[in-house]
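# Overview (structure and organization)
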Amino acid sequence: MIFLEDVLKTINEYEVASKFPLNMRIQPFSPQVNDPDFSDENILRAAQITGTREPALTHLRSAAKFLRDNEMFRLAAIYMYRAIYTVPDGTDNGAFILFSQLEPNLAGTIRGMLRFLSAIPIVKWHREQNIPEMYSRDAVKYLGLYGENFAEAYSNLIDFTWMRQELDPDLCYIQILRFGFMIKKRDFQAIVFKHKNGNYLAFAIPGIYANPHGVVITKDEYEKKGGFITDFHAQDGYFIGNRINERGLIISKTERIPADGYRIYISSGKMVIDMHIPSGGGMSPDISLRSWQAARDFYRKRLGENCPDIIVCNSWICSPVMEEILPENANLVKFVQRVHRLPALPCENVIHPYIHKGTSLYDAMNKYIVTDKNRFCNGMMFLPLDEF
């Protein structure tokens, strides 16, 4: 009888045991149907699905053989895979096994393999759900491993935890062309009304801290540097509060707007088609539009009258200050000007880690945040399905 803590003690990573969910710690290990298979045949199968090339394939096969020959490390890898993909709160609390006792590149290859092998159940689930093969290819193409320095590339599995949604039938996650999509309820920092003439009116929810520019900030920043706190209520036939402009910035001056003809269109708890933007370039207006259209058609066919009526995305790309960072002909500026923007929760005032040094985007962000000392923030977008 072997428990998770026995495994972690053996590989000298016992300190992470408390981070795993209790139910994983108190049940003795027993094989489960969804456990990863580290056989050479399965590695080759996953490589074919993901398009993984040499020299990565040789590293993966070697790492898989190491796991087959070293039982405790194999069990540790299985527990890590379960924490990422099959336990709702498995990795949310920092339950990461780093395999730090191993040579760095071998440890990194094992960590990357946990992402790589998820391609097999993803494709299997797609076939069971009759999801078109072209969507399966898009869903797994970024799971392939192509480099040599796995120690650096897969130093942290936290970026992989969101992938568990790909195996959740209720979310119905698919990757279509440039973006990923799934069905979920969303919380918002705004309330959006739609007028009977089709126009939208958005107010910030009460209690948001913002700087004088209308950028969402933390309470600590507000207390140190000042700004304003949002308010919103309805009274005597009027909406009264801090309106949100077309860029997603919050207007500091309170406004009174007649409520007649408006209905609530967006508020927290609304079911939406939630969009994920994988890292990488190529966000032209054409590919964005074709991705949205394909997602709309897919979910309308699959869900019928239960299909949500908007696409929503929370991302640094949707920042209300994007026009201040990049030129007007940049694809990211064209993207944000095509959608409706709302404020998002405050983020750190740093360059996003997915933006690579040496790129024009990194240089522009660096100038905006570091050199000119501006406040960057994330943003949220919504796009009704009847607008494209």
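Read on for an overview of the structure.

### Quick word on the environment of Ser 315
- Along the polypeptide, Ser 315 turns up in strand 12 (residues 310–315).
- Expressed as a C-alpha distance, the spacing of Ser 315 and Phe 193, which sit 122 residues apart in the sequence, is 22 Å.
- Excluding its chain neighbours within four sequence positions, the residues that come into contact with Ser 315 are Ile 277, Asn 378 and Gly 379.
- Here the side chain of Ser 315 touches Ile 317 through a polar contact of 3.0 Å, landing on its backbone nitrogen.

### So, the side chain of Arg 296
- When you line up the elements, Arg 296 lands in helix 11 (residues 285–303).
- In this structure the side chain of Arg 296 is engaged in a polar contact, spanning 3.1 Å, whose partner is the side chain of Asp 297.
- Reaching out from Arg 296, the side chain makes a polar contact with the backbone oxygen of Phe 388 at a distance of 2.4 Å.
- With sequence-adjacent residues up to four places away left out, Arg 296 is seen in contact with Leu 385 and Phe 388.

### A few points about the packing of aromatic side chains
- With the rule as written, the count across this model stands at 19 aromatic pairs.
- Through pairs of rings, three or more aromatic residues link up here, namely Phe 179, Phe 181, Trp 292, Phe 335 and Phe 388.
- The side chain of Lys 194 reaches across the aromatic face of Tyr 265, ending 5.4 Å from its centre.
- Here the guanidinium or amino end of Lys 270 rests over the ring plane of Tyr 265, the centre of that ring lying 5.0 Å away.

### Quick notes on the sheet that holds strand 9 (residues 255–258)
- Pairing in this open sheet of three strands is antiparallel, and the strands run 7-8-9 from one edge to the other. Looking at the sheet topology across the chains shown, the edges are occupied by strand 7 (232–235) and strand 9. Taking the axes of each pair of neighbouring strands and ignoring which way they run, one obtains an average angle of 20 degrees across the sheet.
- Relative to strand 8 (residues 238–241), strand 7 runs antiparallel, the two being bridged by four bridges.

### Structural notes on helix 3 (residues 40–50)
- Those residues of helix 3 not exposed but buried are Asn 42, Ile 43, Ala 46, Ala 47 and Thr 50. Projected down its long axis, helix 3 carries its buried residues within an arc of 140 degrees, all on one side. Of the residues in helix 3, the exposed ones pointing more than 90 degrees away from the buried face are Glu 41 and Gln 48.
- Along its buried surface, helix 3 packs onto helix 4 (56–69), helix 6 (104–116), helix 7 (119–128) and helix 8 (133–140).

### Side note on the pattern of salt bridges
- This structure, assessed with the given rule, holds 18 salt bridges.
- The partner of Arg 137 in a salt bridge is Glu 133, and the shortest N-O contact between them spans 3.8 Å. In this pair, Arg 137 and Glu 133 are both assigned in helix 8, four residues apart and thus about one turn of the helix distant.
- Here Glu 323 makes a salt bridge to Arg 247, at a shortest N to O gap of 3.7 Å. Here the residue Glu 323 occupies a position in helix 12 (residues 322–325), and Arg 247 occupies one in the loop between strand 8 and strand 9, the gap between them amounting to 76 residues.
- Salt bridges linked by common partners bring Arg 247, Glu 323, Glu 324 and Arg 341 together as one network.

### Brief notes about the nonpolar core
- Core analysis: the biggest nonpolar cluster contains 51 residues, and Phe 181, Met 275, Trp 292, Tyr 299 and Phe 335 have the highest contact counts within it.
- For this core, the element with the most residues is helix 14 (residues 360–371), which contributes six residues.
- Core analysis: the next-biggest nonpolar cluster, separate from the first, contains 46 residues, Ile 43, Phe 73, Leu 114 and Leu 117 among them.

### Description of the pairing of strand 12
- Burial analysis of strand 12 places five of its six residues in the buried class, which makes it a mostly covered element.
- Here strand 11 (residues 270–276) pairs with strand 12 via two bridges, running parallel. By the bridge assignment for strand 12, Ile 273 is matched with Ile 311.
- With helix 11 bridging strand 11 and its parallel neighbour strand 12, the resulting β-α-β unit is right-handed.
- As paired strands, strand 12 and strand 14 (residues 379–384) are joined by six bridges and run antiparallel to one another. Paired with Cys 313 across the strands is Met 381, a residue of strand 14.

### Considerations on the packing of helix 3 against helix 7
- At their nearest, the axes of helix 3 and helix 7 sit 9 Å apart, and the two run at 65 degrees to each other. Relative to helix 7, the element helix 3 is oriented roughly perpendicular. Once helix 3 is placed against helix 7, the crossing between them reads as left-handed. Together, Asn 42, Arg 45, Ala 46, Ile 49 and Thr 50 of helix 3 and Ala 119, Ile 120 and Val 123 of helix 7 make up the contact between the two elements.
- Partitioning the contact of helix 3 with helix 7 into residue classes produces five nonpolar, two polar and one charged.

### What to know about the packing of helix 11 against helix 13 (residues 331–338)
- Two elements in contact, helix 11 and helix 13, have axes separated by 9 Å at closest approach and are oriented at 40 degrees. When the axes of helix 11 and helix 13 are compared, the pair comes out oblique. Side by side, helix 11 and helix 13 meet where Pro 285, Ser 288 and Trp 292 of the first sit next to Asn 331, Lys 334, Phe 335 and Arg 338 of the second.
- Grouping the constituent residues of the contact of helix 11 with helix 13 by class yields three nonpolar, two polar and two charged.

Each value, and the rule that gives it
Residues numbered from 1 in each chain as written. Predicted model: local features only at pLDDT ≥ 70, side-chain atom pairs only at ≥ 80, totals over all residues. Heavy atoms only, no water. Helix = DSSP H or I, 4+ residues; strand = E, 2+ residues; numbered from the N terminus. Contact = heavy atoms within 4.5 Å. Polar contact = N/O pair within 3.5 Å; in protein donor to acceptor, adjacent residues only side chain to side chain. Phe/Tyr/Trp six-rings, centres within 6.5 Å; stacked < 30°, edge-to-face > 60°. Lys NZ or Arg CZ within 6 Å of the ring centre and 35° of its normal. Pairing = 2+ DSSP bridges. Axes fitted to C-alpha atoms, helices over the stretch in contact; angles between N-to-C directions. Buried < 20%, exposed > 50% of the residue type's maximum accessible area, 1.4 Å probe, protein only. Arc of directions from axis to C-beta. Salt bridge = Lys/Arg side-chain N within 4 Å of Asp/Glu carboxyl O. Core = buried A, V, L, I, M, F, W, Y, C linked by side-chain atoms within 4.5 Å. Right-handed = clockwise from strand over helix to strand, strands pointing away. Parallel < 35°, antiparallel > 145°, perpendicular 65-115°, else oblique. Left-handed = near helix turned anticlockwise from the far one by under 90°. Nonpolar A, V, L, I, M, F, W, Y, C, P; charged D, E, K, R; others polar.

From the geometry alone we can't say anything about function, so treat these as descriptive.
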